[in-house]
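# Working through the structure, step by step
What follows is each chain in one-letter form.
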Amino acid sequence: MNAPVVIRPAASADLSGVVEIERASFSDPWSLTAFRSALREERINFHVALSGGSIAGYAISWCVVDEAELANLAVMPSLRGQRIGAALLDRAMADARQAGCVVMHLEVRESNAAARALYESHGFGMVGRRKRYYREPIEDALILRARLVE
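What comes next is a walk through the structure. (Residues numbered from 1 in each chain as written. Predicted model: local features only at pLDDT ≥ 70, side-chain atom pairs only at ≥ 80, totals over all residues. Heavy atoms only, no water.)

### Structural notes on the pattern of salt bridges
With the rule as written, the count across this model stands at nine salt bridges. We note a salt bridge from E110 to R129, for which the minimum N-O separation is 3.0 Å. Taken together, the residues E110 in the loop between β5 (103-109) and α4 (113-121) and R129 in strand β6 (residues 125-135) connect sequence positions 19 residues apart. Owing to a relative accessible area of 31%, E110 belongs among the partly exposed residues under this scheme. Residues joined by salt bridges that share partners form a network here, namely E110, R129, K131 and D140. (Salt bridge = Lys/Arg side-chain N within 4 Å of Asp/Glu carboxyl O. Helix = DSSP H or I, 4+ residues; strand = E, 2+ residues; numbered from the N terminus. Buried < 20%, exposed > 50% of the residue type's maximum accessible area, 1.4 Å probe, protein only.)

### Details of the layout of surface pockets
The volume enclosed by the largest pocket comes to roughly 1,000 Å³. Along its surface, the largest pocket is lined by 36 residues, and F26, L73, N112, A115 and Y119 are the ones closest to its centre. When contributions to the lining of the largest pocket are tallied by element, the ones reaching two or more residues are α1 (15-25), β4 (67-75), α3 (84-98), β5, α4 and β6. With seven residues, β4 is the single largest residue contributor to the lining of the largest pocket. Of the residues that constitute the lining of the largest pocket, the class distribution is 19 nonpolar, eight polar and nine charged. (1 Å grid on protein atoms, 1.4 Å probe; cavity = no way out; pocket = protein on both sides within 12 Å on 5 of 7 lines; lining within 4 Å. Points joined across faces, edges and corners; volume = space filled by probe spheres on them. Nonpolar A, V, L, I, M, F, W, Y, C, P; charged D, E, K, R; others polar.)

### Points about the packing of α1 against helix α2 (residues 32-40)
Remark: α1 packs on α2, axes separated minimally by 10 Å, with the N-to-C direction vectors making an angle of 130°. Taken together, α1 and α2 sit at an angle that is classed as oblique. The two elements α1 and α2 meet at a crossing, and its hand is right-handed. Touching L15, V18, V19 and E22 of α1 are L32, F35, R36 and L39, all from α2. (Axes fitted to C-alpha atoms, helices over the stretch in contact; angles between N-to-C directions. Parallel < 35°, antiparallel > 145°, perpendicular 65-115°, else oblique. Left-handed = near helix turned anticlockwise from the far one by under 90°. Contact = heavy atoms within 4.5 Å.)

### Regarding the nonpolar core
Grouped together as the largest cluster of nonpolar side chains are 27 residues, with contacts concentrated most on L70, L89, M104, Y119 and F124. Secondary structure elements with two or more residues in this core: β3 (54-64), β4, α3, β5, α4 and β7 (138-147). Sorting elements by how many residues they give to this core places α3 first, with seven residues. If near-sequence neighbours (up to four positions away) are discounted, L70 is found in contact with I60, S61, L89, A92, M104, H105, L106 and Y119. (Core = buried A, V, L, I, M, F, W, Y, C linked by side-chain atoms within 4.5 Å.)

### Here we look at the sheet that holds β6
As summarised here, the arrangement of the seven strands in space is β1-β2-β3-β4-β5-β7-β6, forming an open sheet in which the pairing is mixed. Each edge of the sheet is formed by a strand with only one pairing partner; in this case those strands are β1 (5-9) and β6. Across the sheet, the mean angle from the axis of one strand to that of its neighbour is 25°, orientation sign disregarded. Here β3 pairs with β4 via eight bridges, running antiparallel. (Pairing = 2+ DSSP bridges.)

This is the structure we're talking about:
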């Protein structure tokens with residue numbers, strides 16, 4: 001049986017676990033400095049998922065006027081498939097709605113079928129493409145958007 005997942009705001013003590021997940025998840029990871037900056041920025045929503053008391057995943061998003069951006073979401077590879085990413089995405093979308101945003105955007109690697117399935121299950125659809133957006137390996141990003149209010 002899976003441990004219950006708790007979503008809470010990130011804290012400085014969480015950053016080593018966040019960086020570990022980031023490095024295990026992405027070929028061009030954010031730096032510790034980038035995560036520290038995100039943690040200090042008041043307008044950024046930075047949450048972690050805890051499973052069994054350990055950092056299992058994280059999400060970073062923000063709103064500008066009435067549009068939200070999901071900048072980063074990742075789950076520890078060994079814990080994927082347990083709906084942790086879905087819980088983090090739910091929280092990011094709820095935060096955006098609460099801030100008055102009407103849409104949320106994100107970029108996803110074209111080959112990342114698992115992430116695309118997660119986003120599609122939450123109402124995201126493709127609205128564009130960024131050619132050669134990812135560097136290692138070079139790949140297009142799909143721009144996805146979901147309406148947050150009807």
